[in-house]
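# Structure assessment
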Amino acid sequence: FLTAEDACGGTMRGSSGIISSPNFPNEYHNNADCTWTIVAEPGDTISLIFTDFQMEEKYDYLEVEGSEPPTIWVSGMNIPPPVISNKNWLRLHFVTDSNHRYRGFSAHYQG
C-alpha cells in the first residue's frame, strides 16, 4: 500500500495505493506540475476511483492518460467518474496556476 502525498509525482507500483495532490487534504501549491505513473503487472488494467476532488475550475486541472478516451481532463468541484486503463499503466498530470488554491484531489487505484 503506497502513498504519494509527500512527493509531487513519481512512479507508483503495487496492486493498490492512494495518489493525492501535494499537501492534501490541505491546499495544494500554486504553479504545481506533477506527473504520476501507475504501473500494474503486464496484462492487468488499473481502475482509479476518486474519493475527493476540489480544484479551481478550468485553471487547475488533472489530466489522465492511458484510458478511453485517451486523455481525460478533469477540473472543478465535482468528483469525476472512475477511470479504467486500457493497458497496464495510467498517467496522471496535475497542473495548477498562480492563484486560488483548493483541497485538490485524492484517488485510490487498484490493479
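Worth saying up front: this structure is predicted, and the values here are computed from it rather than measured.

## Re the pairing of strand S7 (residues 71-74)
- Side chains Ile-72 and Val-74 of S7 all project onto a buried face; the interleaved residues Thr-71 and Trp-73 project onto a face where none is buried.
- Of the strand pairs in this sheet, strand S6 (residues 61-65) and S7 are connected by four bridges, and their pairing is antiparallel. Each bridged residue has a counterpart across the sheet, and for Glu-63 the counterpart in S7 is Trp-73.
- In sequence, S6 turns back onto S7 through a hairpin of five residues, with Gly-66 there showing a positive phi of about 110°.

## Observations regarding the environment of Val-74
- Looking at the element boundaries, Val-74 is found in strand S7.
- Here the alpha-carbon distance between Val-74 and Val-64, two residues ten residues apart in the chain, equals 8.2 Å.
- In this view, Val-74 contacts Phe-53, Met-55, Tyr-61, Leu-62 and Pro-80; residues no more than four positions away in its chain are not counted.

## Looking at the packing of aromatic side chains
- Inspection of every chain in the model, using the stated rule, returns five aromatic pairs.
- Judged by centre distance (4.9 Å) and plane angle (25°), the rings of Tyr-61 and Trp-73 are stacked. Of this pair, Tyr-61 sits in strand S6 while Trp-73 sits in strand S7, placing them twelve residues apart in sequence.
- Judged by its relative accessible area of 43%, Trp-73 falls in the partly exposed class.
- Aromatic pair Phe-94 and Phe-105: ring centres 5.5 Å apart, planes at 65°, arrangement edge-to-face. Of this pair, Phe-94 sits in strand S9 (residues 89-95) while Phe-105 is found in strand S10 (residues 104-110), placing the two residues eleven residues apart along the sequence.
- Classification of Phe-94 as buried rests on a relative accessible area of 0%.
- Three or more aromatic residues joined by ring pairs form one cluster here, namely Tyr-28, Trp-36, Phe-94 and Phe-105.

Rules behind the numbers
- Residues numbered from 1 in each chain as written.
- Predicted model: local features only at pLDDT ≥ 70, side-chain atom pairs only at ≥ 80, totals over all residues.
- Heavy atoms only, no water.
- Buried < 20%, exposed > 50% of the residue type's maximum accessible area, 1.4 Å probe, protein only.
- Helix = DSSP H or I, 4+ residues; strand = E, 2+ residues; numbered from the N terminus.
- Pairing = 2+ DSSP bridges.
- Contact = heavy atoms within 4.5 Å.
- Phe/Tyr/Trp six-rings, centres within 6.5 Å; stacked < 30°, edge-to-face > 60°.

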